[in-house]
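Chain and residue survey
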Amino acid sequence: MDVGRQEEEEVVVEKKGKKKPRVLCLHGFRTSGAIMNKQIHKWPDSLVDKFDLVFLDAPFPAEGKSDVEHIFPPPYYEWFQFNEKFTEYRNFDECLAYIEDFMVENGPFDGFMGFSQGAILSAALPGLQAKGYCLKKVPKIQFVVIISGAKFAKADVAELAYSTKIDCPSIHFLGETDFLRPHGEVLLECYENPKIIRHPVGHTVPRLDEKAQKVLLDFMESV
């Protein structure tokens, strides 16, 4: 018997016997999985412990300066590259294949949690999967948690991801002063019955008051 494996499995099962949702976390542009781990741990341990979180580094080293250099140490990574208008992408298909390969080797995963560039990806993946464009080798995504998200603007990607309303449970964090908030509002229209947590700060993983914690917990109980 693999005692270590048995203990690991016991850790991810709540007292009532329900398995914790296993969540693949996709970090922001030119940050890292370790940085997102620190960002998410702004939330109370009692909340974070409801999830089995796995933090993945993006496949490509940052090709330029990171906005978090004064807060978090390197290394920094990016999921794919894009032009100023966010209408052309480089290494996009390679990014999708990288995520799928990780899920095959380390899954199964129940859902995604993404921030910023990772949120844009996470929000599009259920639609892309439903159209058979990616994630063909893994189970259907059961839910997404979108923190500072937006839509892809490239026409062919947008057509695949959003042309049909996405029937996947979703919860969206929208910051009052976040530069992506208008784009996040538009993203809501792509989902069936999206849940929303609004917060007063900007482009960040926000701290959660008791009301927001309850909204997130209720969402997770429903999926």
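The structure reproduced in this document is the subject of the present report. These numbers come from a predicted model, not from an experiment. (Residues numbered from 1 in each chain as written. Predicted model: local features only at pLDDT ≥ 70, side-chain atom pairs only at ≥ 80, totals over all residues. Heavy atoms only, no water.)

1. Section: the environment of Asn193
Take Asn193: it is sitting in the loop between helix H7 (181–188) and strand E10 (195–199). Owing to a relative accessible area of 63%, Asn193 belongs among the exposed residues under this scheme. The spacing of Asn193 and Gln81 is 112 residues in sequence and 31 Å in space, taken between C-alpha atoms. (Helix = DSSP H or I, 4+ residues; strand = E, 2+ residues; numbered from the N terminus. Buried < 20%, exposed > 50% of the residue type's maximum accessible area, 1.4 Å probe, protein only.)

2. Side note on the side chain of Arg30
With respect to the helices and strands, Arg30 occurs in the loop between strand E1 (22–26) and helix H2 (33–40). Within the structure, the side chain of Arg30 is placed 2.8 Å from the side chain of Glu78, a separation counted as a polar contact. The contacts of Arg30, once residues within four sequence positions are left out, are Ala62, Glu63, Gly64, Lys65, Ser66, Val68, Tyr76, Tyr77 and Glu78. (Polar contact = N/O pair within 3.5 Å; in protein donor to acceptor, adjacent residues only side chain to side chain. Contact = heavy atoms within 4.5 Å.)

3. What to know about unusual backbone geometry
Pro74 connects to Pro75 through a cis peptide bond whose omega is 10°. Locating Pro75 in the fold gives a position in the loop between strand E3 (60–61) and strand E4 (77–78). Cis peptide bonds are those with omega within 30 degrees of zero, and the linkage from Gly107 to Pro108 qualifies with 5°. Take Pro108: it is sitting in the loop between helix H4 (92–106) and strand E7 (111–115). For Asn91, which is not glycine, the phi torsion reads 70° and is therefore positive. Among the secondary structure elements, Asn91 is positioned in the loop between strand E6 (89–90) and H4.

4. Structural notes on H4
With 15 residues, H4 extends 21 Å from end C-alpha to end C-alpha; this agrees with the ideal 21 Å at 1.5 Å per step. Within the span of H4, buried status applies to Phe92, Cys95, Leu96, Ile99, Glu100, Phe102 and Met103. For H4, the buried positions fall inside an angular range of 160° around the axis, keeping them on one side. Each element contacted by the buried residues of H4 is listed here: E1, strand E2 (52–56), E6, E7, helix H5 (117–130) and helix H6 (155–162). (Expected span 1.5 Å × (residues − 1). Arc of directions from axis to C-beta.)

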